[in-house]
Each structure stands twice: as structure tokens, then as C-alpha cells.
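Each chain, written out:
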Amino acid sequence: MDFLVVDDDKTFRDATCFLIDDEGHYAEGASSGAQAVATLKEEKFDAILLDLNLGKENGLDVLNEILKARPRQPVVMFTAQGSVKTAVEAMRRGAVDFLEKPFQREHFLTVLARLQRFHEMG
């Protein structure tokens, strides 16, 4: 599967891309919502991992932009300030899953397995 990892934290973005590559998938990084939306106009991804806090940008707003451009795009939100309320709001707006940062490899692999099933059904 091909992933777009959207996070303004370069260290976290690179580590997440490495983890995805390590599992035999392809990952590309974007440092902002604007960059992610521009990249999506040029390339197709099986799933997007999107940070909730992108500097001055709100990940939920970026989620809306992504789903406007690609209505069936699977998006997983992640944040260091995880709360049930935020996760519910992300899912309500169309995210397919939610991860708390820093996430454990096992949690990520569980989400990856769900995304693969989602992708196979699609």
C-alpha cells in the first residue's frame, strides 16, 4: 500500500515513513496540509496519515479538504493531544481511524491491518 504521511514534525514524519517502508509498503511525507492537498492532485495514495496539529493549520480542516477532493480516501488522524472528543470529531468528519502519538508499533500494525482490509473491500 502507498501512504502519505502529513505531519509538520520532520522527525516524527520520517520515523513514520521508515516504519511503513519497514513493513514493505511505500510512504511519502508532506509537512503541511497545503502540501498534502497539492501532492494528492498529482499522486494517488491508498491511505493518508494526518496529524491533527499542523503548526497553524488544523488537521480537521485539512481532512475536510482532502475528502472534498477525494471523497473515498481513507484517512487516519493522529495527535499527541489525543482525547476521545477529538477522535470522535475526526471520525464524524470522515476519518477511518485514530492513533495517539507517539504510537506503539503494535498499534500502528493494527491500524495498518484494518486499512489493508478496507483497501481490499474498496
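Structure: above.
Attention in this report is confined to the structure presented alongside it. (Residues numbered from 1 in each chain as written. Predicted model: local features only at pLDDT ≥ 70, side-chain atom pairs only at ≥ 80, totals over all residues. Heavy atoms only, no water.)

**Examining the environment of Thr86**
(1) Moving on: Of note, Thr86 is situated in helix α4 (residues 84-92).
(2) Moving on: In this structure, the C-alpha to C-alpha distance between Thr86 and Gln73, residues 13 residues apart in sequence, is 20 Å.
(3) Moving on: Ignoring anything within four residues of it in the chain, the contact list for Thr86 reads Leu52, Gln81 and Phe98. (Helix = DSSP H or I, 4+ residues; strand = E, 2+ residues; numbered from the N terminus. Contact = heavy atoms within 4.5 Å.)

**Here's the deal with α4**
In an α-helix, one turn spans 3.6 residues; hence positions three or four apart end up facing the same way.
(1) Moving on: Residues Thr86, Ala87 and Ala90 constitute the buried set of α4. Each buried residue of α4 sits inside an arc of 100° when the element is viewed along its axis, so together they form one side. Turned more than 90 degrees from where α4 packs its buried face, Val84, Lys85, Val88 and Arg92 sit exposed.
(2) Moving on: Those residues of α4 that are buried lie in contact with α3 (59-69), β6 (75-79) and β7 (97-100).
(3) Moving on: At the C-terminal side of α4, Gly94 shows a positive phi close to 120°. (Buried < 20%, exposed > 50% of the residue type's maximum accessible area, 1.4 Å probe, protein only. Arc of directions from axis to C-beta.)

**A short note on the pairing of strand β2 (residues 26-30)**
(1) Moving on: As judged from the five bridges shared by strand β1 (residues 2-6) and β2, these two strands associate in the parallel manner. Across the sheet, residue Val6 finds its bridge partner in β2, namely Ala30.
(2) Moving on: One crossover worth recording links β1 to the parallel β2 by way of helix α1 (residues 10-22), and it is right-handed. (Pairing = 2+ DSSP bridges. Right-handed = clockwise from strand over helix to strand, strands pointing away.)

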